[in-house]
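A closer look at the structure
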Amino acid sequence: MKIDLIISADYIEENKIKDKIVVVIDMLRATSVITTALKNGAKCVIPILTVDEAFDKAKKLKDCGENVVLGGERRALKIEGFDFSNSPLEYAQNKVLNKTVILSTTNGTRALNLCKKADLILIGSMINGLAVSKKLLELNKDVVFVNAGTNGEFSMDDFICAGYMIDNILKEKYCEMSDIAKTAKYVYENNTDIISFIKNARHFEVLTSLGLQDDLNYCCSKNLTDIVPIFRNNNIDIL
Ligand code: MLT
């Protein structure tokens, strides 16, 4: 089993992910939202790139009798006309049970859509990090952690989240690792308190300035659920 890591959505290349299992990470906050919505009983999550496409998709599904809600953000804020922002805390069971969540975010949904050539696309975050690590050990195939990053750039939060999962895997099994994967593990090993490490990250500061401390505490919590979301046929559901 080989482990590699891509540092942001701008660096996703077909030859790096083809025939591999990919774990897409946008822990602040898209992949935490997806995991939470499914944990709380959403039927599926559909990641959509643009706001217009999201409204179109919602209309089509509603016309077919689906129970649909729209969620996501631009500049970390709720999109006008959407039901929810990109706060995982809004996706409570009484809001999402048996509903289809259409999600449009700046970085997370973009990264997901750029990974379609991978063999399997899993969704990772701190809140389901151990479950994803166990699933990867079970599948026993080469894996690439894809960090969504922030606006195409490296982000400390997604990097340490990948490092956490790599650390879990290496406790159980020897793996051949790229230098960047080794670095992510090293960073996690030396910073197991996630908030302390990422408190100076750019997106952490943005969310703090918006008063979203509760979201940050939630998204930085380890292993709140054992579900592993999978992106297949344009929908995300539970593996
Ligand atoms: C994104 O996908 O860009 C993020 O999840 C942004 C956010 O924190 O809302």
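Scroll up a little and you will see the structure.
Quick summary incoming for the structure in this document. (Residues numbered from 1 in each chain as written. Predicted model: local features only at pLDDT ≥ 70, side-chain atom pairs only at ≥ 80, totals over all residues. Heavy atoms only, no water.)

This brings us to the pairing of strand 3 (residues 44-47). What you see with strand 3 is no split at all: Cys44 and Ile46 on one side and Val45 and Pro47 on the other are buried throughout. Where strand 3 and strand 5 (residues 100-104) come together, 4 bridges link them in parallel fashion. Among the inter-strand pairings, Cys44 is bridged to a residue of strand 5, identified as Thr100. (Buried < 20%, exposed > 50% of the residue type's maximum accessible area, 1.4 Å probe, protein only. Helix = DSSP H or I, 4+ residues; strand = E, 2+ residues; numbered from the N terminus. Pairing = 2+ DSSP bridges.)

Among the nonpolar cores identified, the biggest contains 43 residues, and Ile3, Val23, Met27, Leu136, Phe145 and Ile198 are the most heavily contacted of them. Residue contributions to this core peak at 8 residues, all from helix 7 (residues 156-172). Once residues within four sequence positions are removed from consideration, Phe145 is found in contact with Ile3, Asp4, Leu5, Ile6, Val23, Ile25, Leu136, Ala162, Met165, Ile166 and Ile169. (Core = buried A, V, L, I, M, F, W, Y, C linked by side-chain atoms within 4.5 Å. Contact = heavy atoms within 4.5 Å.)

Considered as a void within the structure, the largest pocket measures approximately 250 Å³ in volume. Looking at the largest pocket, it is lined by 16 residues, and the ones nearest its centre are Glu73, Ala76, Asn107, Thr150 and His203. Examining the composition of the lining of the largest pocket, we find that 3 residues originate from one element, helix 10 (residues 202-209), more than from any other. Split by residue class, the lining of the largest pocket holds 4 nonpolar, 7 polar and 5 charged. (1 Å grid on protein atoms, 1.4 Å probe; cavity = no way out; pocket = protein on both sides within 12 Å on 5 of 7 lines; lining within 4 Å. Points joined across faces, edges and corners; volume = space filled by probe spheres on them. Nonpolar A, V, L, I, M, F, W, Y, C, P; charged D, E, K, R; others polar.)

All right, on to the side chain of Ser85 then. In this structure, Ser85 sits in the loop between strand 4 (68-72) and helix 4 (93-96). Here Ser85 falls in the buried class, since its relative accessible area comes to 9%. Within polar-contact distance, the side chain of Ser85 engages the backbone nitrogen of Ser87 at 3.2 Å. With residues up to four places along the chain from it excluded, the contact list for Ser85 reads Gly71, Gly72, Lys78, Glu90 and Tyr91. (Polar contact = N/O pair within 3.5 Å; in protein donor to acceptor, adjacent residues only side chain to side chain.)

Let us now look at unusual backbone geometry. Cis geometry marks the peptide bond from Leu28 to Arg29, where omega comes out at 5 degrees. Mapped onto the elements of the fold, Arg29 is located in the loop between strand 2 (21-25) and helix 2 (30-39). The phi torsion at Asp19 lies on the positive side, around 65 degrees, for a residue other than glycine. Its place among the elements puts Asp19 in the loop between helix 1 (14-17) and strand 2. One non-glycine residue with positive phi stands out, namely Asn223, at about 60 degrees. Counting through the fold element by element, Asn223 comes out in the loop between helix 11 (213-219) and strand 9 (229-232).

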